[in-house]
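Read off the chains here:
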Amino acid sequence: MTDRRELADFLRRRREVHRPSDVGLPDGLRRRTPGLRREEVASLAGVSTDHYTRLEQARGSAPSESVLSAIARALQCDLDERDHLFYLAGMTPPPRRAGNYVRPGLIALARRLTDIPVVICTDTGEIAWLNPLATTLLPPLPEGPGRGRNLMWRWFTQPDRRPAPREDWDRMSASHVMDLRATYARRAGDSDITSLVHDLLAASEEFRGLWERHQVGVRRADLKTFIHPEVGPVAVRCEVLLTEEADVKLLAYFPAEGTDAAEKLELLRVIGTQRLTSADSSPTEGR
C-alpha cells in the first residue's frame, strides 16, 4: 500500500533542500519558495508537472517503478533514499546495482565538464542525464517513461531521425549491436535487457540482421559526427567512462582535432544558455 502522506512529505522535503544550481539549472531571480520548483523536478524526471504535483499533494494515481526511479534521480537520492521512496510507494526497490540510478557524485563530476556535451546512460542505452550542452546538441527527448529515451531504440526504430551522416549509419549500427551483445551476455536473464532485445528484434529488420551475426565489442571510444539543424555537422571524439558496476556509463564528447567542432560547440553552448535564461524568465511560478 502506498503511504501517500509520507511519500508526499518526503518528496517535498527532498525538493526543498536543492538549489537550482545543484541540478544544473540557473537560480533565477523570483523564487518565493525554497529549493526547486515542482515543474523543475518534473522536467528533470521526464514526467508531467501535474503527475508530480499530485504526488506531492498525496493524491492521484500511484507512481510506476520507472517514474519513481526518474524522480529519485532528479532529486539526487542516494540508494538508501531511493529505497525509502520505493517503500513509501508500496513497491520493492530495484536490485542494488546502478540500473537507472546515477550517483550524485557522478553527476557532480559531469557538471564540471561545461564546455563539452556529456551524457550519462545505462548499459542498455537508456539516457539518465544530460548536461545543457548535450541537450542542445542532441535531438529533443520525450518526457515521461517509455522507450523514447533509449538510444538503441531511437536509432533502430526511427532511422529517419538519426543525427548522423548517412555514410556513418552502417558502422554505427554495427557498433550499437556489438556493444548491446556484450551487455546481453553479461546480464543474461535480466528483464530490462531481455525485453529490449526482444522488442528490437521484432521492430527492426536491420537490428535483427546485425544481431544474428553474433559479433561482440564493448565500446570504449568512438569518432562520430552529429548533424545539428542550426550549426550543421559537429565532429566529436567520444570517450566512454564506465562506472564500477559497469551498468552506467558517462559519454564525454570532445571536439575532433582539426575540425571546427570546438567553435560550433561553443556556439551551441551560448544558444543553450540563452534558451535556459529565456525559459527561467517565464512568469509561471512553481508552488
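Higher on the page you've got the structure.
What you are looking at is a predicted structure, and each value in this text was computed from that prediction instead of being measured.

## Quick look at unusual backbone geometry
Right, so step 1: You will see that Ala58, though not glycine, has its phi angle at about 60°, which is positive.
Right, so step 2: With respect to the helices, strands and loops of the structure, Ala58 is situated in the loop between α3 (49-56) and α4 (65-74).
Right, so step 3: Judged by relative accessible area, Ala58 falls into the partly exposed class, the value being 29%.
Right, so step 4: Backbone geometry at Gln76 places phi at a positive 55°, although glycine is not the residue there.
Right, so step 5: With respect to the helices, strands and loops of the structure, Gln76 is situated in the loop between α4 and α5 (79-88).
Right, so step 6: By relative accessible area, which is 15% here, Gln76 ends up buried.

## Regarding α3
Three or four residues apart is the spacing at which side chains of an α-helix point the same way, because the helix has 3.6 residues per turn.
Right, so step 1: Buried within α3 are the following residues: His51, Tyr52, Thr53, Leu55 and Glu56.
Right, so step 2: Those residues of α3 hidden inside the fold are in contact with α1 (4-16), α2 (38-45) and α4.
Right, so step 3: Immediately downstream of α3, the backbone of Ala58 shows phi near 60°, a positive value.

## Remarks on the nonpolar core
Right, so step 1: Core analysis: the largest hydrophobic core is formed by 23 residues, its most contacted members being Leu11, Tyr52, Ile71, Leu75 and Leu85.
Right, so step 2: Of all the secondary structure elements, the ones that give two or more residues to this core are α1, α2, α3, α4 and α5.
Right, so step 3: Looking at which element gives the most residues to this core, the answer is α4, with six residues.
Right, so step 4: Sequence-distant contacts of Leu85, that is, excluding residues within four places in its chain, are made with Leu7, Phe10, Leu11, Leu68, Ile71 and Ala72.
Right, so step 5: Membership of the second largest hydrophobic core comes to 20 residues, among which are Val119, Leu130, Tyr253 and Leu265.

## Things to note about the pairing of strand β5 (residues 248-255)
Right, so step 1: Among the eight residues that make up β5, six are buried, leaving the element largely enclosed by the rest of the structure.
Right, so step 2: Across five bridges, the pairing between strand β1 (residues 118-122) and β5 is antiparallel. In the strand pairing of β5, Val118 is matched with Ala252.
Right, so step 3: Direction of pairing for strand β4 (residues 232-242) relative to β5: antiparallel, over a ladder of seven bridges. Across the sheet, Glu239 pairs through a bridge with Ala252, a residue of β5.

## Description of α2
Right, so step 1: Turning to α2, its buried residues are Arg38, Glu40, Val41, Ala42 and Ala45.
Right, so step 2: Looking at the packing, one finds that the buried side of α2 touches α1, α3 and α4.
Right, so step 3: Trailing α2 by a residue or two, Gly46 shows a phi angle of about 75°, which is positive.

Conventions adopted
Residues numbered from 1 in each chain as written. Predicted model: local features only at pLDDT ≥ 70, side-chain atom pairs only at ≥ 80, totals over all residues. Heavy atoms only, no water. Helix = DSSP H or I, 4+ residues; strand = E, 2+ residues; numbered from the N terminus. Buried < 20%, exposed > 50% of the residue type's maximum accessible area, 1.4 Å probe, protein only. Contact = heavy atoms within 4.5 Å. Core = buried A, V, L, I, M, F, W, Y, C linked by side-chain atoms within 4.5 Å. Pairing = 2+ DSSP bridges.

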